[in-house]
Amino acid sequence: MIWFKNFKPGWGIVPVVIFLGVWEFIARLNLIPGEIFFPPFSEVMREFYYLLASGVLGHNFLSSLVRVLIGFVAGSFAGLLVGTAMGWKDIVNKSLSPLVSLIYPIPALGWLPLLMLWLGIGEALPIAIIFICAFFPIAYNTATGIRAVDKNYIQVAKTLGASDVKILTSIIMPLALPNIFTGLRLESGMAWRVVIAAEMVAIPSGIGALMMKAESLMRMDIIVVCLIVLAVMCFIFEKFFASLEKKLTSHWR
Amino acid sequence: MPSVELRNICKHICRDVCLDIFDKEFLVLLGPNGAGKSTLLNVIAGLVDYEGSVFFDGEPVDSLPPSKREIGYLFQDLNLFPHLNVASNVAYSLRIQKWPWDAMEARVEELLHIMKIKHLSSRYPGHLSGGEKQRVALARALALAPQVLLLDEPLSSLDMQSAKYMRMELKQLQRQLGMTTVYVTHDMKEAREMADRIAVIESGRLEQVATPGEVFFSPMNKKVSDFIGAPNILDCTCCHSAGRGIAEVECGGLPIIVPDDGSKVRKIALLPRDIYISESKPPGPDVNRFKGIVSGIEVAPDMVRLEVEVGGNCLSVEMPHYIYQDMHLAVGKEVFLIFKLRNIKIYRGEESKKKNV
């Protein structure tokens with residue numbers, strides 16, 4: 001098991017390559033009738049190229065990306081503000097905490113029927129769902145992170161002449177960053193999962209909608225391309241926040 | 001530097017506490033855990049609401065927040081900001097006051113130099129030893145040259161040797177900067193080494209405020225005496241040098257050898273735990289060894305306390321249970337007491353003048 005001890009992060013590509021190889025091999029064995037239900041990886045990649053070259057994938061991907069970015073940035077920002085207020089001021093926490101605790105467990109897609117009636121089917125719908133998906137967990141994590149900051153640091157800062165606002169910006173927020181980033185990291189991936197689901201159910205454009213069209217045409221290769229795009233985007237978003245967190249906090253943690 | 005006056009302070013356990021701390025004085029608040037020492041420190045700092053009044057140089061500061069009281073506060077847990085490096089921790093209060101960059105840099109450098117931690121300036125608190133953290137926290141507290149320095153058991157997390165050096169440095173620094181300083185501790189030894197005066201506090205009440213010698217050799221009441229270890233205190237009537245750095249003093253009929261520095265010994269104190277007891281005559285020269293009669297035995301849960309009559313004095317002696325069980329002690333039995341030279345505490349000052357506040 002020496003190879004296991006020497007396992008480095010760069011080696012993470014090896015299982016992926018093995019998996020793709022096995023996938024290609026089994027698909028080529030033709031155990032399941034035809035290539036329709038189980039296309040080999042090479043066929044999927046060929047389709048990926050066609051979709052990219054024709055602009056279909058790019059167009060749908062951009063639709064999804066814009067929705068995710070707008071919804072996630074707005075939801076995170078609002079979540080940060082409300083979470084900060086809840087963590088910092090007891091009165092805000094006592095007022096909002098019961099509400100947040102009640103609404104937080106509702107899955108983001110649970111809002112879909114209600115929002116379809118309120119907002120109609122259009123761009124606002126997926127953005128609103130992603131907003132909700134990001135808002136509650138990030139507000140919750142931010143409030144928890146702020147309240148978890150040792151009160152003694154605040155006492156020390158007071159004796160050193162810091163005002164309440166200065167204490168918040170220079171002590172509390174930096175120390176709450178690890179908790180805040182946990183929320184951002186998890187929800188950035190979740191935003192992609194939610195947008196795909198919303199597009200599959202209600203929106204005529206985007207990666208999710210492309211998957212639904214492919215399903216009706218029995219194009220497994222296109223469905224798999226969309227799934228790969230989804231997986232890669234979730235991975236990239238989560239990694240982005242993980243590396244940002246590392247950059248901002250690893251020097252003192 | 002201002003004097004600090006506390007008038008009728010009530011907060012948590014503290015009831016009607018009145019205390020005067022003189023200008024440039026090193027006052028130690030001494031008492032057991034939960035006595036209200038840290039509460040008083042927080043009252044002076046303005047970190048808690050309280051009843052009563054606090055005056056700095058005769059001016060009331062009750063309405064001032066901690067940031068306006070010009071205090072430096074060193075907390076027991078130090079609480080260095082973990083996300084800031086040493087230099088940024090020290091510079092924190094200067095940044096708050098918006099010092100110009102050059103002046104701030106120079107001040108930080110000066111403080112790091114004084115505290116001998118210049119080489120640590122870019123390190124983060126997570127990578128510092130206990131003693132280094134101590135110095136950084138002190139440098140941070142001193143950055144704005146506070147009028148009053150408050151120290152809450154700052155050496156409790158250090159090992160004995162480091163704490164000893166830090167005590168000396170702290171005292172030296174306090175003299176050098178001439179700051180009015182209030183130091184909280186439950187350690188009598190620490191208090192004796194550092195204090196100009198000691199304020200003994202017990203259950204939120206000040207029991208005695210006096211010089212270390214007065215507190216130790218003339219405890220005001222049983223609570224103070226018990227807290228400092230209920231020492232046997234003997235008045236010395238006669239003292240003459242025996243040469244070679246030792247002197248012989250006459251205490252209640254007992255000729256006791258003590259270290260000599262040329263000054264008159266007025267009292268000596270022996271903690272009950274520092275007196276050794278033997279059933280047979282101990283070997284060695286007949287110095288600081290006395291014959292006595294056991295006049296009382298009290299078996300307490302944590303140790304055994306004996307009363308021994310020696311030359312007209314009644315001395316308390318403490319011993320652990322396992323030693324007591326190995327001996328065959330009984331009231332009326334003859335025993336030998338041994339006073340170790342370095343365990344004898346000596347009072348050479350003026351006749352104690354108790355000050356009740």
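Residues numbered from 1 in each chain as written. Chains lettered and ligands numbered in written order. Predicted model: local features only at pLDDT ≥ 70, side-chain atom pairs only at ≥ 80, totals over all residues. Heavy atoms only, no water.

A look at the overall build of chain B
Thinking step 1. What chain B contains, in helices and strands, is nine helices and 20 strands.
Thinking step 2. With respect to the three principal axes, the spread of C-alpha positions in chain B is 75 × 45 × 40 Å.
Thinking step 3. Counting every position in chain B, which comprises 357 residues, the buried fraction comes to 51%.
Thinking step 4. Counting every atom, chain B has about 16,400 Å² of accessible surface; 50% of that belongs to carbon and sulfur.
Thinking step 5. The positive charge centre, built from 43 side chains, and the negative charge centre, built from 46, are 3 Å apart in chain B. (Helix = DSSP H or I, 4+ residues; strand = E, 2+ residues; numbered from the N terminus. Buried < 20%, exposed > 50% of the residue type's maximum accessible area, 1.4 Å probe, protein only. Areas by Shrake-Rupley, 256 points an atom, 1.4 Å probe, with all protein chains shown as cover. Lys, Arg positive; Asp, Glu negative; His and termini not counted. Charge placed at Lys NZ, Arg CZ, Asp CG, Glu CD.)

Some words on the packing of helix 8 (residues 151-159) of chain A against helix 9 (residues 164-201) of chain A
In a packed pair of helices, the relevant descriptors are the angle between the two axes and the axis-to-axis distance.
Residues and elements named next belong to chain A.
Thinking step 1. At a closest axis distance of 11 Å, the pairing of helix 8 and helix 9 adopts a crossing angle of 155 degrees. Classified by the angle between their axes, helix 8 and helix 9 sit roughly antiparallel to one another. Considering how the two elements wind past one another, helix 8 and helix 9 form a crossing that is right-handed. From helix 8, Tyr-153, Ile-154, Ala-157 and Lys-158 reach across to helix 9, where they touch Ile-167, Ile-171, Ile-172 and Leu-175.
Thinking step 2. Residue composition of the contact of helix 8 with helix 9, grouped by class: seven nonpolar, no polar and one charged. (Axes fitted to C-alpha atoms, helices over the stretch in contact; angles between N-to-C directions. Parallel < 35°, antiparallel > 145°, perpendicular 65-115°, else oblique. Left-handed = near helix turned anticlockwise from the far one by under 90°. Contact = heavy atoms within 4.5 Å. Nonpolar A, V, L, I, M, F, W, Y, C, P; charged D, E, K, R; others polar.)

Some remarks on the domain arrangement of chain B
Residue and element names in this part refer to chain B.
Thinking step 1. Each assigned domain of chain B is listed here: domain 1 (4-227) and domain 2 (232-345).
Thinking step 2. Centre-to-centre, using C-alpha coordinates, domain 1 lies 37 Å away from domain 2.
Thinking step 3. Contacts between domain 1 and domain 2 engage five residues on the former and six residues on the latter.
Thinking step 4. Contact between domain 1 and domain 2 buries roughly 460 Å² in total, counting both sides, with carbon and sulfur atoms accounting for 73%.
Thinking step 5. Its largest share of buried area at the contact with domain 2, domain 1 owes to Arg-192, Phe-216 and Phe-217, together 89% of the area lost on that side.
Thinking step 6. Connecting domain 1 to domain 2 are zero salt bridges.
Thinking step 7. Connecting domain 1 to domain 2 are two residue pairs in polar contact (both at pLDDT 80 or more).
Thinking step 8. Here the residues of the side of domain 1 that touches domain 2 sort into three nonpolar, one polar and one charged. (Domains from an automatic or database assignment. Buried area = accessible area lost by both parts, 1.4 Å probe. Salt bridge = Lys/Arg side-chain N within 4 Å of Asp/Glu carboxyl O. Polar contact = N/O pair within 3.5 Å; in protein donor to acceptor, adjacent residues only side chain to side chain.)

Quick look at the interface of chain A and chain B
Thinking step 1. The interface is formed by 19 residues belonging to chain A together with 20 residues belonging to chain B.
Thinking step 2. Summed over both partners, the interface of chain A with chain B buries about 1,800 Å², with 69% contributed by carbon and sulfur atoms.
Thinking step 3. Seen at the junction of chain A and chain B, the total is zero salt bridges.
Thinking step 4. Where chain A touches chain B, the interface holds two residue pairs in polar contact (both at pLDDT 80 or more).
Thinking step 5. Elements represented by at least two residues in the side of chain A that touches chain B include exactly helix 8 and helix 9 of chain A.
Thinking step 6. When residues in the side of chain A that touches chain B are grouped by element, the largest group, seven residues, is from helix 8 of chain A.
Thinking step 7. Residues of the side of chain A that touches chain B, tallied by class, amount to ten nonpolar, six polar and three charged.

Here we look at the pattern of salt bridges
Residues and elements named next belong to chain B.
Thinking step 1. This model, assessed by the stated rule, comprises 25 salt bridges over all chains.
Thinking step 2. Between Glu-169 and Arg-135 there is a salt bridge, with its nearest N and O atoms 2.8 Å apart. One end of the pair, Glu-169, is in helix 5 (residues 160-177); the other, Arg-135, is in helix 4 (residues 130-142), and 34 residues separate them in sequence.
Thinking step 3. By relative accessible area, which is 23% here, Glu-169 ends up partly exposed.
Thinking step 4. Accessibility expressed as a relative area gives 16% for Arg-135, which makes it buried.
Thinking step 5. Salt-bridge contacts for Lys-345 lead to Asp-274; the nearest nitrogen and oxygen are separated by 3.8 Å. Of the two residues, Lys-345 is situated in strand 20 (residues 345-347) and Asp-274 in the loop between strand 14 (267-270) and strand 15 (275-278); the sequence distance between them amounts to 71 residues.
Thinking step 6. Here Lys-345 falls in the partly exposed class, since its relative accessible area comes to 21%.

Here we look at the side chain of Ser188(A)
Thinking step 1. Take Ser188(A): it is sitting in helix 9.
Thinking step 2. In this structure, Ser188(A) is in contact with Phe72(A), Phe237(A), Glu238(A) and Phe241(A), ignoring residues within four places of it in sequence.

Examining the sheet that holds strand 17 (residues 304-310) of chain B
All names here are of chain B.
Thinking step 1. Reading across the sheet, the five strands line up as 15-19-16-17-18 and stay open at both edges, with antiparallel pairing between neighbours. The strands lining the two open edges of the sheet, one partner per strand, are strand 15 and strand 18 (313-319). Each strand of the sheet is rotated relative to its neighbour by a mean of 45 degrees, with strand direction disregarded.
Thinking step 2. Relative to strand 19 (residues 334-339), strand 16 (residues 289-299) runs antiparallel, the two being bridged by five bridges. (Pairing = 2+ DSSP bridges.)

Some points on unusual backbone geometry
Both trends apply: most residues other than glycine have a negative phi, and most peptide bonds are in trans.
All names here are of chain B.
Thinking step 1. Phi is positive for Asn-8, which is not a glycine, with a value near 50 degrees.
Thinking step 2. If you trace the backbone, Asn-8 turns up in strand 1 (residues 4-11).
Thinking step 3. For Asn-8, a relative accessible area of 41% gives the class partly exposed.
Thinking step 4. Even without being a glycine, Lys-24 presents a positive backbone phi close to 65 degrees.
Thinking step 5. The residue Lys-24 is located in the loop between strand 2 (14-21) and strand 3 (26-30) in this model.

Notes on the side chain of Gln208(B)
All names here are of chain B.
Thinking step 1. Relative to the assigned elements, Gln-208 resides in strand 10 (residues 205-210).
Thinking step 2. According to the relative accessible area criterion, Gln-208 is buried, its value standing at 1%.
Thinking step 3. Within the structure, the side chain of Gln-208 is placed 3.1 Å from the backbone oxygen of Ser-218, a separation counted as a polar contact.
Thinking step 4. A distance of 2.8 Å separates the side chain of Gln-208 from the backbone nitrogen of Met-220, its partner in a polar contact.

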